[in-house]
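# Working through the structure, step by step
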Amino acid sequence: MAKELELKYGCNPNQKPSKIFMKQGELPIEVLNGKPGYINFLDAFNSWQLVRELKAATGLPAAASFKHVSPAGAALGLPLSDTLKKIYFVDDMELSPLACAYARARGADRMSSYGDWAALSDVCDEQTARIIAREVSDGVIAPGYTDAALEILRAKRKGGYNVVRIDPGYVPAPVEHKDVFGVTFEQGRNELKIDEKLLENVVTKNKDIPQEARRDLIVSLITLKYTQSNSVCYCKDGQAIGVGAGQQSRVHCTRLAGNKADFWYLRQHERVLALPFREGIRRADRDNTIDVYISDDYLDVLRDGAWQQFFTLRPEPLTREEKAAWLATMGGVSLGSDAFFPFGDNIERAHRSGVQYIAQPGGSIRDDNVIETCDKYGMAMAFTGIRLFHH
């Protein structure tokens, strides 16, 4: 491993010179294929920390799909139902636990995951590499790769796909620095351990948070630890299903993430699963078409002259009433927030996406209003007492 690595350019082509380097010791990474850039490494190091912590907290393989230094998806390697296999487009594949984790992470918000950076907590196996190989992706970071997996990944993007191996034993310095406008910032690394102890202070009338919900709340909080703030994360069945990142307003985070969670669930509607796509349609076009079909802009893909590009037959749109009826069956969702909810409107929005369990720091002067709103819907909410801002 080298002490420094020169990059093509920084965030933008005009930002030269560019490199990553260590002031002491060697870089903890090795580029096995391709030539990652500045933003690629920002995604790689943030996403690796996320999956490493998920694995440590749960004991399960973990994966993340990153775009622009925030996760589009993060997940544990739990088995997939037939429906999830279909909406993640892996129903034709053999899936290891790690492959399940990446399928979940990539599939939660496929529009945002397009061109992602993938992170894997465990050695990349052949099954996981085969999923990555057929998606539009910029690169992957993992603690290692089997020979078969590396062969598959090195063939991607005409041999230019970025493959990075990181030393799983690397421990960064306890103090970190960042330069902004010629001024150096210094702070202690956020080494806060996220575990079930943070969920002990349940402040609502409903005190019952089942084990699966506790696991999902831990997934949401660890995901938020590496998401650009403000941020809110909806989780279900061991995976993020909606991440609202980088919004100035807390309720806008909740709405954005809730809309993504709704779309994730609407993709499981029987009419969406049965959409009559033309043979040979590109994966990106298919994903975009599904996204538009279940939105209020469905006529963009169903009007005459448009639907023929995507479908063999013109499907009937899902009405607002049909969508509302389907979403009303969504439940058991967990929600984490990186800072306190200032008003009960966040809870109202979360309720519409099936949220029943919440973890947030608490500490607002309107905590009583937030708790009262949770009690109205029978939700269980824990005050963690910790903030998870990340910039």
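See the structure shown above.
Our subject in this report is the structure included herewith. Since this is a predicted model, take the numbers as computed values, not measurements.

Turning our eyes to something else, we now look at the packing of aromatic side chains. Per the stated rule, a full pass over the model turns up five aromatic pairs. Ring geometry for tyrosine 265 versus tryptophan 326: centroids 4.9 Å apart, planes at 15°, classification stacked. Of this pair, tyrosine 265 sits in helix H8 (residues 250-266) while tryptophan 326 sits in helix H12 (residues 320-327); the two residues are 61 residues apart in sequence, bridging distant segments of the chain. The exposure class assigned to tyrosine 265 is buried, which follows from its relative accessible area of 12%. You can call tryptophan 326 partly exposed: its relative accessible area is 23%. Aromatic side chains phenylalanine 310 and phenylalanine 311 sit 6.4 Å apart centroid to centroid with 70° between the ring planes, which places their arrangement in the edge-to-face category. Overall, phenylalanine 310 belongs to the buried group, its relative accessible area being 15%.

Time to look at the environment of valine 69. Structurally, valine 69 can be placed in the loop between strand S4 (62-67) and strand S5 (70-76). A relative accessible area of 17% places valine 69 in the buried class. Through-space distance from the C-alpha of valine 69 to that of phenylalanine 41 is 9.3 Å; in sequence the pair is 28 residues apart. For valine 69, the contacting residues outside a window of four places in its chain are Leu42, Asp43, Asn46, Tyr226 and Gln228.

Turning to the layout of surface pockets, a few remarks are in order. There is about 2,300 Å³ of room inside the largest pocket. What lines the largest pocket is a set of 46 residues, among which Leu42, Phe45, Glu176, His177 and Lys178 lie closest to the centre. Contributing elements (two or more residues each) for the lining of the largest pocket: strand S2 (19-21), helix H1 (38-58), strand S9 (175-180) and strand S10 (183-188). Broken down by element, the residue count for the lining of the largest pocket peaks at eight residues, all from H1. When the residues that make up the lining of the largest pocket are grouped by side-chain class, the tally is 22 nonpolar, 14 polar and ten charged.

This part covers helix H10 (residues 283-293). Those residues of H10 lying buried are Arg286, Asp287, Thr289, Ile290, Val292 and Tyr293. Looking at the buried positions of H10, the neighbouring elements they touch are helix H4 (110-113), helix H9 (270-273) and helix H11 (299-302).

Attention now goes to the pairing of strand S12 (residues 239-245). With six of seven residues buried, S12 is to be regarded as a mostly interior element. Of the pairings in the sheet, the one linking strand S11 (residues 231-236) to S12 comprises six bridges and is antiparallel in character. If you follow cysteine 233 over to S12, its bridge partner there is valine 243. From the end of S11 to the start of S12, which pair antiparallel, there are two residues, and aspartate 237 there has a positive phi angle of about 55°.

Here we take up the nonpolar core. Counting residues in each nonpolar core, the largest one holds 68 residues, and the members touching the most others are Leu120, Val140, Tyr145, Leu153, Tyr234 and Ile358. Tallying contributions element by element places helix H3 (residues 97-107) first for this core, with seven residues. In this structure isoleucine 358 touches Leu217, Leu335, Phe341, Ile347, Cys374, Met379, Ala380, Met381 and Ala382, once residues within four positions along its chain are discounted.

Attention shifts here to the side chain of asparagine 346. Tracing the sequence through the fold places asparagine 346 in helix H13 (residues 345-351). Residue asparagine 346 is classed as buried on the basis of its relative accessible area, which comes to 1%. Within the structure, asparagine 346 has its side chain in polar contact with the side chain of threonine 254 (distance 2.8 Å). Here the side chain of asparagine 346 touches phenylalanine 343 through a polar contact of 3.3 Å, landing on its backbone oxygen. In contact with asparagine 346, other than residues within four places in its own chain, are Arg250, Val251, Thr254 and Phe341.

Quick notes on the rules
Residues numbered from 1 in each chain as written. Predicted model: local features only at pLDDT ≥ 70, side-chain atom pairs only at ≥ 80, totals over all residues. Heavy atoms only, no water. Phe/Tyr/Trp six-rings, centres within 6.5 Å; stacked < 30°, edge-to-face > 60°. Helix = DSSP H or I, 4+ residues; strand = E, 2+ residues; numbered from the N terminus. Buried < 20%, exposed > 50% of the residue type's maximum accessible area, 1.4 Å probe, protein only. Contact = heavy atoms within 4.5 Å. 1 Å grid on protein atoms, 1.4 Å probe; cavity = no way out; pocket = protein on both sides within 12 Å on 5 of 7 lines; lining within 4 Å. Points joined across faces, edges and corners; volume = space filled by probe spheres on them. Nonpolar A, V, L, I, M, F, W, Y, C, P; charged D, E, K, R; others polar. Pairing = 2+ DSSP bridges. Core = buried A, V, L, I, M, F, W, Y, C linked by side-chain atoms within 4.5 Å. Polar contact = N/O pair within 3.5 Å; in protein donor to acceptor, adjacent residues only side chain to side chain.

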